[in-house]
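Chain by chain, the residues:
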Amino acid sequence: MSKLTYRGSEYTKFKSVRLHKDDEVIVIAGKEKGKKGKILVIDKKRDRVVVEGLNKRKRFLRPTQENPQGGVVEVEAPMHISNVMFYDSKKKKGVRVGYQENKGKKVRVSKPEGKEI
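Residues numbered from 1 in each chain as written. Predicted model: local features only at pLDDT ≥ 70, side-chain atom pairs only at ≥ 80, totals over all residues. Heavy atoms only, no water.

Our focus in this paragraph is the UniProt feature "domain: KOW" (unreviewed entry) in the protein. The feature "domain: KOW" (unreviewed entry), as annotated in UniProt, sits at residues 21-52 in this numbering. End-to-end, the C-alpha atoms of residues 21-52 are 11 Å apart, and along that stretch the chain is 0% helix and 50% strand. (UniProt positions renumbered as here; feature names shortened; annotations may be inferred. Helix = DSSP H or I, 4+ residues; strand = E, 2+ residues; numbered from the N terminus.)

Okay, structure coming up:
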């Protein structure tokens, strides 16, 4: 049996990720459903994305010399990549992303129309 990279799951499910950092996405499932944000981090090994301003968690900091009071900080937690969808600002809704060959270069396109992103 091969060694797992982290507890409770196989290495990865999605071999290729069509979303990139700084893409505008809309959440399609979960408690943040319908909200929009920008992708800050993509973790390809765990199939997770961190979206700016969404899925906030409270992080409790212990007192240190720099911060003698300690305190509570809200940080964005990762969510599964299947729960977000690329947001098309012209159509005002989420669209699927595909790839096409254009002048010898591989470009991302929105699925139904084939318009370049």
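Take the pattern of salt bridges next. Applying the stated criterion across every chain, the model contains six salt bridges. Across the salt bridge formed by Lys38 and Asp22, the nearest N and O atoms sit 4.0 Å from each other. Within this pair, whereas Lys38 is found in strand S2 (residues 36-43), its partner Asp22 is found in the segment before strand S1 (24-27), the two being separated by 16 residues in sequence. Using a relative accessible area of 31% as the deciding quantity, one classes Lys38 as partly exposed. Given a relative accessible area of 48%, Asp22 falls into the partly exposed group. When the shortest N-O distance is used, the salt bridge between Asp43 and Arg46 registers 3.4 Å. Assessed through its relative accessible area of 37%, Arg46 is described here as partly exposed. (Salt bridge = Lys/Arg side-chain N within 4 Å of Asp/Glu carboxyl O. Buried < 20%, exposed > 50% of the residue type's maximum accessible area, 1.4 Å probe, protein only.)

Our focus in this paragraph is the sheet that holds strand S6 (residues 79-80). What holds strands together in a sheet is hydrogen bonding between their backbones, with the strands either parallel or antiparallel. Reading across from one edge, S6-S3-S2-S1-S7-S8 is the order of the six strands in this open sheet, with antiparallel pairing throughout. The sheet is open, and its two edges are formed by S6 and strand S8 (93-95), each paired on a single side. Relative to S2, S1 runs antiparallel, the two sharing three bridges. The residue of S2 that forms the bridge with Val25 is Gly37. (Pairing = 2+ DSSP bridges.)

All right, on to the side chain of Ser110 then. As for its position among the elements, Ser110 is in strand S10 (residues 105-110). Look past the residues within four positions of Ser110 in its chain and what remains in contact with it is Val95, Arg96, Lys115 and Ile117. (Contact = heavy atoms within 4.5 Å.)

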